[in-house]
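Residue-level structure breakdown
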Amino acid sequence: MNIKTFQFMKQLHVAALTIRLALAGIAASLLTGIFSLAPAQAIFPSRPIEVIVPWGPGGGSDITGRMVAKFLEAELKVAAPVVNLPGASGTIGVQRLLSKPADGYSVVVTGDFYALIGGDAPKWTLDNFVPLGVLINQPGAIFVATESRFKTWADVEREAKSKPGSISLFVAGLGIIDEVHADLLTSKGIRLNVIPVSKPAERYTSILGGHGDLLYEQAGDVKALLEAQKIRPLLSLTEERFPLFKNIPTGKELGYDIWTPQIRWIFARSGTDPARIQVLANALEKMAASEDYKNYLRSELAAPDSFVPASTARAYIQKTLDNVRKEAADAKQGMAGK
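Keep in mind that what you see is a predicted model, and the values were worked out from it rather than measured. (Residues numbered from 1 in each chain as written. Predicted model: local features only at pLDDT ≥ 70, side-chain atom pairs only at ≥ 80, totals over all residues. Heavy atoms only, no water.)

A separate point is unusual backbone geometry. Cis peptide bonds are those with omega within 30 degrees of zero, and the linkage from Phe 44 to Pro 45 qualifies with -5°. Here Pro 45 is to be found in the loop between α1 (3-42) and β1 (50-53). Phi at Ser 89 takes a positive value of approximately 55°, unusual for a residue other than glycine. Checked against the element boundaries, Ser 89 lands in the loop between β2 (82-84) and α3 (91-99). On the accessibility criterion, Ser 89 (16% relative accessible area) is buried. Within the chain, Leu 301 stands out as a residue other than glycine whose phi angle is a positive 55°. (Helix = DSSP H or I, 4+ residues; strand = E, 2+ residues; numbered from the N terminus. Buried < 20%, exposed > 50% of the residue type's maximum accessible area, 1.4 Å probe, protein only.)

Structure, rendered in structure tokens:
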């Protein structure tokens, strides 16, 4: 081999070695990039979590949803925008959740479950959702404007029996607990004109403006109106007399057997990764232990032991659903016997 051939072969060897080293460097860079991306992709949450409230702004569910959103933002370090989607007794907002991927980035906070998973032909079952917790348990009542002609519930009974359907009762929607309880009253001879209005402000102004007679609502949702003495309760829909309304009879006392509490719960879509569910559940349990949350319950006139964690929320919702179904069956049986 002459010197020129030797030099040429050496140059080829160096070039090949350079190419191999370059390719190895590229491969290493790619692998490093892949492995560095893997942990980032596993982080949850890494983008905003949408909090869907299937009722109008200003009501109890909206207040609860915004309280939850504020805490999730602080705890999980992501935005949690609240989206109000009122209509169809809460089902429109739930349809939005079910149109989204089951990835934990959308949750629903609502004040009713009977319209969603109860009734004669429910649109969904509890299996469609993963309960993340029960957020609040509030006593319900029937209120009137302070200047109303009805001074006691006995006045309502007399007029409803003498003029069936002449007294209006404003509720949040049809197919929900409000209507079940109105049906129970009807089955006892208290026939009311039930008017569904999903926007809380419209329900309240209708009563205050004299455009309606009765309002079915949770005490905490109308606390400001109670404190301003613009409305007053006539009937408490609780098992025992509510401390705030010690002189007001309960439906159970009067033989109506209406006592299922009004609750608000939060849920994700079924099929969501259990690890992501646990992240959300842990955040909510931290919220429940906070002073801000306890103050919130007090301000809403709610039971201090309202919170039910994800671990037992499903069983709690099922039991409460069974109670409402019994009330609905009793109402139908009572009306059929009239």
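Picking up after the structure, the text goes on.
Take the environment of Gly 90 next. Along the chain, Gly 90 turns up in the loop between β2 and α3. According to the relative accessible area criterion, Gly 90 is buried, its value standing at 2%. For the pair formed by Gly 90 and Pro 54, sequence separation is 36 residues and the distance between their alpha carbons is 4.7 Å. Setting aside residues no more than four positions away along its own chain, Gly 90 makes contact with Pro 54, Trp 55 and Leu 116. (Contact = heavy atoms within 4.5 Å.)

Grouped together as the largest cluster of nonpolar side chains are 45 residues, with contacts concentrated most on Ile 117, Ile 142, Trp 153, Leu 185 and Leu 214. Ranked by the residues each element gives to this core, the list is headed by helix α11 (residues 310-336), at six residues. Setting aside chain neighbours within four positions, we find Trp 153 in contact with Ile 142, Leu 185, Ile 190, Leu 214, Leu 234, Leu 235, Leu 254 and Tyr 256. One finds Ala 69, Leu 132, Tyr 296 and Leu 297 within the second-largest nonpolar core, a separate group that totals 30 residues. (Core = buried A, V, L, I, M, F, W, Y, C linked by side-chain atoms within 4.5 Å.)

A few words now on the sheet that holds β2. Strand order in the open sheet made by the six strands is β2-β1-β3-β10-β4-β11, with mixed pairing throughout. In this open sheet, the two strands that pair with only one neighbour each are β2 and β11 (308-309). Taken together, the three bridges between β1 and β2 define a ladder with parallel strand orientation. Each bridged residue has a counterpart across the sheet, and for Val 51 the counterpart in β2 is Val 82. Lying over the sheet, helix α2 (residues 60-76) contacts β1, β2, β3 (106-110), β4 (129-138) and β10 (262-269), oriented at roughly 165° with respect to β2. Of the strands in this sheet, β4, β10 and β11 touch α11, which is tilted by about 75° from β4. (Pairing = 2+ DSSP bridges. Axes fitted to C-alpha atoms, helices over the stretch in contact; angles between N-to-C directions.)

Any functional reading would require information that these geometric values do not contain.
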